[in-house]
Amino acid sequence: YQRRVREYESNPNSRAALSLLGYCYYQLGDYDSAADCYGQLIQLFPEHEQYKIYYSQSLQKGCEYEAAMKASFTVDSPAMKEKVVKLQAAIKYDEDDLQGAKSMVEQCASDDPDTENNLGCLLVKEKRYSEASKKFSSALNVKGYQAHLSYNIALCHYYMKQYALALKHIADIIEKGIREHPELSVGMQTEGIDVRSVGNSATLHETALVEAFNLKAAIEYQLKNFEGAQEALTDMPPRSEEELDCVTLHNQALMNMDAAPTNGFEKLQFLLQQNECPPETFGNLLLLYIKHQYYGQAADVMAENTHLTFKMDPYLYEYLDAIIVQQSSPEEAFKRFEDIANRHTLNLRKITKQVQECRQNNDEESVKKAVNEYDEALEKYIPVLMAQTKIYWDKSNYNMVESIFRKSVEFCNEHDSWKLNVAHVLFMQESKYKEAIGFYEPIVKKHYDNILSVSAIVLANLCVSYIMTSQNEEAEELMRKIEKEEEQMSYEDPERKIYHLCIVNLVIGTLYCAKGNFEFGITRVIKSMEPYSKKLGMDTWHYAKRCFLGLIENLAKHMIMVRDVVVQDCIQFLEHAELYGKQVTCKIQPPLSSQVMHELQGKNTVTYEARLLKALLIQVCDL
């Protein structure tokens with residue numbers, strides 16, 4: 001299309017050239033230029049009514065709804081009345097005027113498959129997904145297989161959390177696309193094959209492959225299969241970044257946020273400035289700012305886009321607002337969270353009652369619907385609860401945190417995040433290790449066959465809890481299990497670095513150091529880092545250096561004495577860390593930092609810090 005644009009621009013007064021130029025601009029997503037072309041055609045050739053339709057469509061796609069509606073009323077041809085009504089319904093739909101759109105759709109012929117499809121789209125907006133799915137299926141039966149209708153049905157199943165059925169329709173779309181259009185190079189990027197962009201062709205649009213892969217990525221993301229989500233995005237037909245649609249760009253930003261946060265923030269900020277910005281972009285950008293502790297940027301974005309706050313879920317808006325207030329007034333934020341939490345608990349009790357009533361009436365369909373509604377309400381409540389507890393966690397008031405968790409046990413006692421955080425609170429109180437074990441153990445046993453999928457800190461805290469309650473055999477058995485799985489994984493992938501057992505030993509070593517038993521603690525830390533080529537990393541070094549700093553501080557204050565052999569072991573360890581730590585960084589640059597950490601260049605390595613610790617240790621021990 002770009003090449004054709006350059007060709008047709010040289011004939012500005014030719015009807016054919018101008019018409020094709022408008023079409024090319026439309027296909028490229030440059031709707032303002034397309035509208036200009038069709039506007040000129042209307043002036044030059046007013047007898048051709050189809051240009052008025054195309055002009056109105058271009059304005060609609062460019063989000064100029066008022067002008068698009070006004071342009072649609074200029075079409076006088078009776079033969080185009082049906083098209084005009086459909087276009088006006090689409091404009092009303094984009095404006096979220098569902099009643100206006102419905103009245104337009106109802107003017108269309110009832111036996112027209114497009115009418116069924118349009119009514120289905122309206123039902124989706126009204127969140128009546130089961131009815132919408134039936135409408136799309138009806139249209140599919142009349143029109144025969146169409147990729148976009150199949151996608152619409154998959155989307156309804158996705159919203160109803162019927163992921164298996166959604167994936168079945170997605171698989172049909174992908175299989176048909178690969179079979180009929182091998183030139184679209186589906187899956188080539190994932191295989192590592194260098195392929196050229198297929199562009200945003202009409203063929204690509206007709207196959208609905210982009211929409212299908214985006215929905216597949218969303219499903220995998222919801223199922224916590226993040227690798228599968230990323231693979232779905234790379235499987236779609238290859239396009240250059242400037243050719244990507246807004247939904248794909250949004251999903252790329254979201255699903256690669258851990259690996260490339262700076263790039264992700266840039267994409268979301270860019271999308272927020274576009275007319276066709278996906279509605280989820282605003283909320284997701286704010287949540288990611290909060291996650292990365294960029295509270296000032298979150299406040300600025302909310303202030304600059306007040307028109308978008310009205311479209312947000314009210315609970316999400318109140319939650320984000322309270323989080324931002326928390327930075328300046330924790331007490332005021334706690335009151336706001338308390339108010340939001342009370343409303344959530346009232347709603348959860350109401351839904352619980354509905355579930356019980358449906359079960360008494362043996363209405364399985366209503367039970368399923370009510371349970372899904374309960375799960376959604378609980379997922380909204382959990383972040384509010386965690387934000388409340390964090391206020392007291394930051395103040396190290398663990399008793400108050402436990403008290404807040406106890407109030408929520410009625411709703412959250414089966415929720416994994418709740419159980420995990422309760423375990424952490426009990427662990428931090430240092431007098432409730434037995435109770436902490438009661439919460440950590442089920443989490444570990446649930447994933448015992450794949451124990452490395454459990455967070456290393458959970459395994460470490462469970463081991464420490466076993467040791468502190470004199471259950472040394474259980475701690476050793478758990479560590480043997482971790483060691484066995486690490487050996488198996490190293491055999492399968494020799495280059496992969498696995499830190500679970502290392503971190504467990506580091507935490508145990510840190511515990512002994514904190515209790516004043518530096519000789520045993522430091523020895524444990526040193527042994528945990530062998531072999532250095534596989535165990536020395538940013539996280540493991542973070543734990544290890546804290547123990548050495550504690551040792552040096554206590555030696556400097558003459559509060560402890562250690563044997564010479566332990567000091568020599570420490571120096572030898574630091575020399576090994578110096579040798580293997582040249583490429584291991586100690587800090588990562590924040591995602592939104594505009595300046596590279598020049599002041600840390602040469603110093604932001606384990607090698608530099610190991611030398612520094614070695615020099616301090618030699619100085620303190622007067623060696």
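The paragraphs below set out a description of the structure included in this document.

Basis of the calculations
- Residues numbered from 1 in each chain as written.
- Predicted model: local features only at pLDDT ≥ 70, side-chain atom pairs only at ≥ 80, totals over all residues.
- Heavy atoms only, no water.
- Helix = DSSP H or I, 4+ residues; strand = E, 2+ residues; numbered from the N terminus.
- Buried < 20%, exposed > 50% of the residue type's maximum accessible area, 1.4 Å probe, protein only.
- Contact = heavy atoms within 4.5 Å.
- Areas by Shrake-Rupley, 256 points an atom, 1.4 Å probe, with all protein chains shown as cover.
- Lys, Arg positive; Asp, Glu negative; His and termini not counted.
- Charge placed at Lys NZ, Arg CZ, Asp CG, Glu CD.
- Polar contact = N/O pair within 3.5 Å; in protein donor to acceptor, adjacent residues only side chain to side chain.
- Core = buried A, V, L, I, M, F, W, Y, C linked by side-chain atoms within 4.5 Å.
- Axes fitted to C-alpha atoms, helices over the stretch in contact; angles between N-to-C directions.
- Parallel < 35°, antiparallel > 145°, perpendicular 65-115°, else oblique.
- Left-handed = near helix turned anticlockwise from the far one by under 90°.
- Nonpolar A, V, L, I, M, F, W, Y, C, P; charged D, E, K, R; others polar.
- Salt bridge = Lys/Arg side-chain N within 4 Å of Asp/Glu carboxyl O.
- Expected span 1.5 Å × (residues − 1).
- 1 Å grid on protein atoms, 1.4 Å probe; cavity = no way out; pocket = protein on both sides within 12 Å on 5 of 7 lines; lining within 4 Å.
- Points joined across faces, edges and corners; volume = space filled by probe spheres on them.

We now examine the overall build of the chain. If you tally the helices and strands in the chain, you get 34 helices and 0 strands. Dimensions of the chain along its principal axes, counting C-alpha atoms only, are 100 × 65 × 50 Å. The buried share among the 623 residues of the chain stands at 45%. Here the contacts in the chain between residues at least 6 apart in sequence split such that 57% fall between residues at least 24 apart. Accessible area for the chain stands at about 34000 Å²; split by element, carbon and sulfur atoms hold 50% of it. Between the centroid of the 67 positive side chains of the chain and the centroid of its 90 negative side chains there is a distance of 3 Å.

Turning to the side chain of K267, a few remarks are in order. One can find K267 in helix α16 (residues 261-272). Among the polar contacts made by the side chain of K267, one reaches the side chain of Q252 at a distance of 3.0 Å. The residues contacting K267, other than those within four sequence positions of it, are E241, L249, Q252 and A253.

Take the nonpolar core next. F337 and L478 are the most contacted members of the largest nonpolar core, which has 90 residues in total. Sorting elements by how many residues they give to this core places helix α22 (residues 364-393) first, with 12 residues. The residues touching L478, leaving out its near neighbours within four places in the chain, are V444, Y448, I451, L459, L462, C463 and Y466. Ranked by size, the runner-up nonpolar core spans 32 residues in total, among them F518, I526, M529 and C547.

Attention now moves to the environment of I382. Topologically, I382 is positioned in helix α22. In the structure, I382 is positioned 187 residues away from V195 in sequence and 44 Å away in space, judged by C-alpha atoms. If we skip the residues at most four places from it in the chain, I382 touches C412, H415 and W418.

At a minimum axis distance of 9 Å, the contact between helix α9 (residues 129-143) and helix α10 (residues 147-159) shows a crossing angle of 165°. Here α10 runs roughly antiparallel to α9, going by the angle between their axes. Crossing geometry of α9 relative to α10 is assigned as left-handed. Residues Y129, A132, S133, F136, S137, A139, L140 and K143 of α9 lie in contact with α10, whose contacting residues are L149, S150, N152, I153, C156, H157 and Y159. Of the residues in the contact of α9 with α10, the class split is 9 nonpolar, 5 polar and 1 charged.

Attention now moves to the pattern of salt bridges. Considering all chains together, one arrives at 33 salt bridges under this definition. Across the pair D339 and R343 runs a salt bridge whose closest N-O atoms are separated by 3.0 Å. Taken together, the positions of D339 and R343, both in helix α21 (residues 330-360) and 4 residues apart, correspond to about one turn of that helix. What emerges from the salt-bridge pattern is a single network uniting K86, D112, D114 and K143.

Mapped onto the elements, Y398 comes out in helix α23 (residues 398-407). You can call Y398 buried: its relative accessible area is 15%. Setting aside residues no more than four positions away along its own chain, Y398 makes contact with W393, V425, M428 and Q429.

Every α-helix carries 3.6 residues per turn, so stepping three or four residues along brings you back to the same face. With 15 residues, helix α29 (residues 500-514) should cover 21 Å at 1.5 Å per step; its first-to-last C-alpha distance of 21 Å lies within 8% of that length. Across the 15 residues of α29, 12 count as buried, placing the element largely inside the fold.

This part covers the layout of surface pockets. Roughly 620 Å³ of internal volume is contained in the second largest pocket. Along the walls of the second largest pocket sit 21 residues, with F427, V507, T510, L511 and R546 positioned nearest its centre. Residue assignment for the lining of the second largest pocket shows that the elements contributing at least two residues are α25 (416-428), α27 (456-468), α29 and α32 (538-556). A class-by-class count of the residues in the lining of the second largest pocket yields 13 nonpolar, 5 polar and 3 charged.

Geometric values such as these leave the question of function open.
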